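# Architecture at a glance
In case you want the letters, here they are:
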There are 2 protein chains.
Amino acid sequence: MAMDLSSPYSPARSPATLAGRRGSLHLLLLRPRLATVRCSVDAPKQVQGRPAAVAAEEAPAARKECYGVFCTTYDLKADEKTKSWKSLVNVAVSGAAGMISNHLLFKLASGEVFGPDQPIALKLLGSERSLQALEGVAMELEDSLYPLLREVSIGIDPYVVFEDAEWALLIGAKPRGPGMERSALLDINGQIFAEQGKALDAVASRNVKVIVIGNPCNTNALICLKNAPNLPAKNFHALTRLDENRAKCQLALKAGVFYDKVSNVTIWGNHSTTQVPDFLNSKINGRPVKEVIKDTKWLEEEFTKTVQKRGGVLIEKWGRSSAASTAVSIVDAIRSLVNPTPEGDWFSTGVYTTGNPYGIAEDIVFSMPCRSKGDGDYELVKDVAIDDFLWERIKKSEAELLAEKRCVAHLTGEGNAFCDLPGDTMLPGEV
Amino acid sequence: MAMDLSSPYSPARSPATLAGRRGSLHLLLLRPRLATVRCSVDAPKQVQGRPAAVAAEEAPAARKECYGVFCTTYDLKADEKTKSWKSLVNVAVSGAAGMISNHLLFKLASGEVFGPDQPIALKLLGSERSLQALEGVAMELEDSLYPLLREVSIGIDPYVVFEDAEWALLIGAKPRGPGMERSALLDINGQIFAEQGKALDAVASRNVKVIVIGNPCNTNALICLKNAPNLPAKNFHALTRLDENRAKCQLALKAGVFYDKVSNVTIWGNHSTTQVPDFLNSKINGRPVKEVIKDTKWLEEEFTKTVQKRGGVLIEKWGRSSAASTAVSIVDAIRSLVNPTPEGDWFSTGVYTTGNPYGIAEDIVFSMPCRSKGDGDYELVKDVAIDDFLWERIKKSEAELLAEKRCVAHLTGEGNAFCDLPGDTMLPGEV
């Protein structure tokens, strides 16, 4: 699908042009508007004792999307405490008024993710319905006094919020409602991610790293990258790190060791019930799991089911989905890209398959083992062994992703959608 | 009130002895029982490849209250990565299935609070009703793979959960229901904190630091310390740090500076609408606030109201109370006690008033300016100026706390309760 979206106010976004699309996403299709909310205290007009280091003429232009106390101007390089800091990193988060974000944003602001010398700007995307809640989130961020958190802006237009984003953490998605077909879920959420892909393509940093969390995340990531032809497809990720973390915990439990002894765990495939937690290549205390856990039946039958069902069990226990540990796994996913991977280990992330060395179908987003030098980029680990048992299951997850892809063809520019999804496909946590 | 609670199974806790008490707290009055829940995977029996460093005979005794993967045994000193770590710190948290805890526990586990070389044991107190949710929390902590988090136990009996606690973060309390008088709230929550005080007195570390977050937190802290006569009264805190953080943010907003420029902010008094945010002694960029903010009317009238009402405004915006920023302020409160206070600055915390240099009534819990050497202890800052304006408002908050104290006399061992609470007293955030 050829797109001309070089401007955030492109005519392609007018209601007329978009009338032919399926579904409704009226909020995003409205004329761009600045949904910025200013704090009730009219700070700029009442400034007294402004630090001398700040040039007065910078203020209005530099902070037009700011919220409250984050509208203040400052010069990090002029301050003894902050002059050695890196320059500001722009992190955009969608679904910013939701529960996963409510955990994640405070982790980002605390320095836990990018480090103690990395000041951060948070660009929060919500919906018209959640705008009030988003203000509440911004107020709580104000009240948290995080020294590293230097800018916060909130809004409902991705073409505004994603501007210059160096990281885009796409959490916002609709959960499947009662009686909703998976094809309908793919369509509704796919439209959100098509729009956000276009917005990223138009206004984000040319090397933005995108992590899609909103489900179905692999196919949403595919839709997103297909709608962002000017950004490297390699930069788009689907989050399978929570699955990896859960798999590590279950292997540790079974072996009776603490979880820090488990390494080299891959999640292959789709973030769905077809996901393939790989015990063939996993290690415990540096030894192959199969040498440590002799219960092959458990490994082949129970292990994968336990990992896949963990989300559902948690919902039963806790009464809601696992926001806190999901946020932790997003932190892990980012840290794995901005810190060098420990020697001999790897991590899992859903990435674009074109050029993969395993014979997995090209042009989908598939979770595979990766390593990073810590520069935000990654490379596939190329020499992981795959036996028949593993391959058979990888092919099943691949088939599911290819079916999902056919079902969203209208959103990736590949023609008419044809939905022949296997009936039993569910997301982890769906019951 | 003389108490003999040297044993956690003291006869004082039998239903007969307690029949004369007001209210009902059946859960806590039941015979102590071990509410520990083990993970469905029966790990200890299936251990294979257990690390050689672990002495097999240690395992059963050492971990009897553990949850899931936290039942594994290990020797931190035998491991290259962890041998330089401090010894484990025991942190008990009540209301552990609630939203504030859901933020706080992951911060504690991440190392953000006690530092990157401080392994941590979390001892989580819930109620019978919340036990399932508590299991969900423990499962999410498992799935988060925090290297520093070495033990997690869950339970509903404070005499079990508080055993050897070095920190007790008491969050669990009932919110005021529709039509409930403040005296009824004081009574219901007071009984919880009386019981927990007795439990701490019986089983916690002899130098346990207690931070009461559950409202009305000052009077709850007073009740708690009165029921723990064998623990230093000085070790009990009522959380006013969120108020301090909010006050700093509002001063920064008004002055048009970033919040890291604001220091020496005291919250005096009760964590209620009579709280006194002190602008007389606060500084911006090292200068008295009154020199920077010339708008005296704002300082005298709007500032305090804005801080007091912040919680209520947040509830309106966000639809629920401010769990995330409350958790951040608990982190701040602990960090202020385990790190040396920066030269010339101080922090606010509600502490026992006996011996205070300001002429504030003795034998209540009142928020005042404090400093710490970073050893977990603190000292009052003694030379803070108080003018007539400030003193008048401090006296009003003191009067409220004295009235609250009379209203809970049956819980502090000082005879019959007499409730003459001022009608307008509300907690921050109550609407």
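Calculation criteria
Residues numbered from 1 in each chain as written. Chains lettered and ligands numbered in written order. Predicted model: local features only at pLDDT ≥ 70, side-chain atom pairs only at ≥ 80, totals over all residues. Heavy atoms only, no water. Helix = DSSP H or I, 4+ residues; strand = E, 2+ residues; numbered from the N terminus. Buried < 20%, exposed > 50% of the residue type's maximum accessible area, 1.4 Å probe, protein only. Contact = heavy atoms within 4.5 Å. Areas by Shrake-Rupley, 256 points an atom, 1.4 Å probe, with all protein chains shown as cover. pLDDT = per-residue confidence, 0-100. Axes fitted to C-alpha atoms, helices over the stretch in contact; angles between N-to-C directions. Left-handed = near helix turned anticlockwise from the far one by under 90°. Nonpolar A, V, L, I, M, F, W, Y, C, P; charged D, E, K, R; others polar. Salt bridge = Lys/Arg side-chain N within 4 Å of Asp/Glu carboxyl O. Polar contact = N/O pair within 3.5 Å; in protein donor to acceptor, adjacent residues only side chain to side chain. Disulfide = S-S within 2.5 Å.

In this section: the overall build of chain A. When its secondary structure is counted, chain A shows 14 helices and 14 strands. Every one of the 431 residues in chain A was classed for burial, and the buried ones make up 61%. The long-range fraction of contacts in chain A, counting pairs at least 24 apart against all pairs at least 6 apart in sequence, stands at 73%. For chain A, the exposed surface amounts to about 16,200 Å²; the carbon and sulfur share of it is 53%.

Let's shift gears to the confidence of the model for chain A. All names here are of chain A. In the predicted model, chain A carries a mean pLDDT of 86, and 83% of its residues have values of at least 70. The model gives residues 1-63 a pLDDT under 50, and that stretch makes 108 contacts with residues more than four places away or in other chains. Here the complex is predicted with pTM 0.87, and the ipTM for its interfaces comes to 0.86.

For the rest of this paragraph, the subject is the packing of helix 4 (residues 99-110) of chain B against helix 5 (residues 131-143) of chain B. Residue and element names in this part refer to chain B. Relative to each other, helix 4 and helix 5 sit at 30 degrees, their axes nearing to 11 Å. When you trace helix 4 past helix 5, the crossing you get is right-handed. Where helix 4 approaches helix 5, its residues N102, L105, F106 and A109 are matched on the opposing element by V137, E140 and L141. Residue composition of the contact of helix 4 with helix 5, grouped by class: 5 nonpolar, 1 polar and 1 charged.

Next up on the list: the interface of chain A and chain B. The interface is formed by 73 residues belonging to chain A together with 72 residues belonging to chain B. One salt bridge connects B:R310 with A:E142, and the closest N-O pair in it is separated by 2.7 Å. There are 28 residue pairs in polar contact (both at pLDDT 80 or more) connecting chain A and chain B. Mapped by element, the contributors of at least two residues to the side of chain A that touches chain B are helix 4 (99-110), helix 5 (131-143), strand 3 (149-155), helix 9 (241-255), helix 11 (296-318) and helix 12 (323-338) of chain A. Considering each element in turn, the side of chain A that touches chain B owes the most residues, 10 residues, to helix 5 of chain A. Taken together, the residues that form the side of chain A that touches chain B break down as 34 nonpolar, 18 polar and 21 charged.

Right, let's talk about the state of the cysteines for a bit. Residue and element names in this part refer to chain A. Applying the stated criterion to the full structure yields 4 disulfides over all chains. Between the sulfur atoms of C66 and its disulfide partner C71 the distance amounts to 2.0 Å. Judged by the sign of its S-S torsion, about 100 degrees, the bond between C66 and C71 is right-handed. Between the sulfur atoms of C407 and its disulfide partner C419 the distance amounts to 1.8 Å. Every disulfide takes its handedness from the sign of the S-S torsion; for C407 and C419 that torsion is 75 degrees, giving right-handed. Here C407, found in helix 13 (residues 388-407), pairs with C419, found in the segment after helix 14 (409-412); they are 12 residues apart in sequence, far enough to count as distant. For C407, a relative accessible area of 2% gives the class buried. Judged by its relative accessible area of 40%, C419 falls in the partly exposed class. Among the cysteines around C217, which has no disulfide bond, C224 carries the closest sulfur, lying 12 Å off. Overall, the relative accessible area of 1% leaves C217 in the buried class.

Right, let's talk about the pattern of salt bridges for a bit. Tallying each qualifying case throughout the model produces 41 salt bridges over all chains. Notably, a salt bridge pairs B:D260 with A:R150, separated by 3.1 Å at the nearest N-O pair. Residue B:D260 is located in the loop between helix 9 (241-255) and strand 7 (262-263), and its partner A:R150 is located in strand 3; the two belong to separate chains. Residue class for A:R150 comes out buried when judged on its relative accessible area of 2%. For B:K254, the salt bridge identified is with B:D295, shortest N-O distance 3.2 Å. Here B:K254, found in helix 9, pairs with B:D295, found in the loop between helix 10 (289-292) and helix 11 (296-318); they are 41 residues apart in sequence, far enough to count as distant. Given a relative accessible area of 4%, B:K254 falls into the buried group. A single network of salt bridges, built from pairs that share partners, joins A:D79, A:R150, B:D260 and B:K261.

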